[in-house]
Amino acid sequence: MMEAKTQTSQSAEVTYKKEVRVQKLLNIIGIFILGGLALTNLINPLPSSDYRKEILFFIGGSALIYYITVNIFFLGNLGRKVVFIILILLSCFSLFMTVYLAVNSMPH
């Protein structure tokens, strides 16, 4: 008697690394934005070198925060929660500084 040999089909999961492409795109966008800010500082120089230092510190700090949050975001669900907490804290700090500077303004 002949027995039919059945072969079960195996389903192969095809996974695309879409998140890696989005992460690379966000990093490239960050390079253009922050590089443009730094280039603007060189093209349109400010009257004092102290201002230039402050702007470069601002651009460096912004770049650090941007790249840390982008790369943490793509670590997984925990990374996304951490990024959202960081964004909430940054927005609260921004609102606090807005009110603080409005109340304690410096005379020019």
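Each residue is numbered by its place in its chain's sequence as written, counting from 1. At least 70 in pLDDT is required for a residue's local features to be given in this predicted model, at least 80 for side-chain atom pairs to be given and counted, and no such filter applies to totals for whole chains, interfaces and linings, which use all residues. To obtain the side-chain values, all non-hydrogen atoms of the structure were included, while hydrogens and water were left out.

S.K.: Help me get a handle on the overall build of the chain, residues and values and all.
M.R.: We count a stretch as a helix when DSSP gives it H or I for four or more residues in a row; a strand needs E for two or more, and each element gets its number in order from the N terminus. Within the chain, the secondary structure is distributed over three helices and zero strands. Along the chain, helices and strands appear, N-terminal first, in the series α-α-α. In the chain, which comprises 108 residues, the share counted as buried stands at 11%. The contact criterion used throughout is that any non-hydrogen atoms of two residues lie within 4.5 Å. Taking contacts inside the chain between residues at least 6 apart in sequence as the whole, the part at least 24 apart equals 53%. For the chain, the accessible area works out to roughly 9800 Å², and carbon and sulfur atoms hold 69% of it. Exposure is judged per residue with a 1.4 Å probe applied to protein chains only, and the accessible area is read against the type maximum: over 50% gives exposed, under 20% gives buried, and values in between give partly exposed. For the area figures, the Shrake-Rupley method with a 1.4 Å probe applies, and any residue is considered shielded solely by the protein chains shown.

S.K.: Mind laying out the packing of aromatic side chains, listing which residues take part and the relevant values?
M.R.: Only rings of Phe, Tyr and Trp enter the pairing, Trp through its six-membered ring, and a pair is recorded when the two centres are within 6.5 Å. The plane angle decides the type: under 30 degrees is stacked, over 60 is edge-to-face, the rest tilted. Taken as a whole and assessed by the stated rule, the structure comprises four aromatic pairs. Taken together, a centroid distance of 5.2 Å and an interplanar angle of 85° make the contact between Y66 and Y67 edge-to-face. Among the residues examined, Y66 registers a relative accessible area of 25% and is labelled partly exposed. Y67 gets classed as partly exposed once you look at its relative accessible area, which sits at 22%.

S.K.: Which residues make up helix 2 (residues 49–73), and what values do they have?
M.R.: A helix is expected to span 1.5 Å multiplied by its residue count minus one. The first and last C-alpha atoms of helix 2 sit 36 Å apart over 25 residues, in line with the 36 Å expected at 1.5 Å per residue. For helix 2, the full list of buried residues reads I59, A63, T69 and V70.

S.K.: Go over the packing of helix 2 against helix 3 (residues 77–103), please, and point to the residues and values.
M.R.: Running from N to C, helix 2 and helix 3 point in directions that differ by 150°, and their axes come no closer than 7 Å. Taken together, the axes of helix 2 and helix 3 are roughly antiparallel relative to one another. In contact with I65, T69, I72 and F73 of helix 2, helix 3 contributes G79, R80, V82, V83, F84, I86 and L90. Classes in brief: Ala, Val, Leu, Ile, Met, Phe, Trp, Tyr, Cys and Pro nonpolar; Asp, Glu, Lys and Arg charged; the others, Gly included, polar. Of the residues contributing to the contact of helix 2 with helix 3, the split by class is eight nonpolar, two polar and one charged. Axis geometry follows a simple rule: fit a line to the C-alpha atoms, using only the stretch in contact for helices, then measure angles between N-to-C directions, giving values from 0 to 180 degrees. The labels follow the angle: roughly parallel below 35 degrees, roughly antiparallel above 145, roughly perpendicular from 65 to 115, and oblique for the rest.

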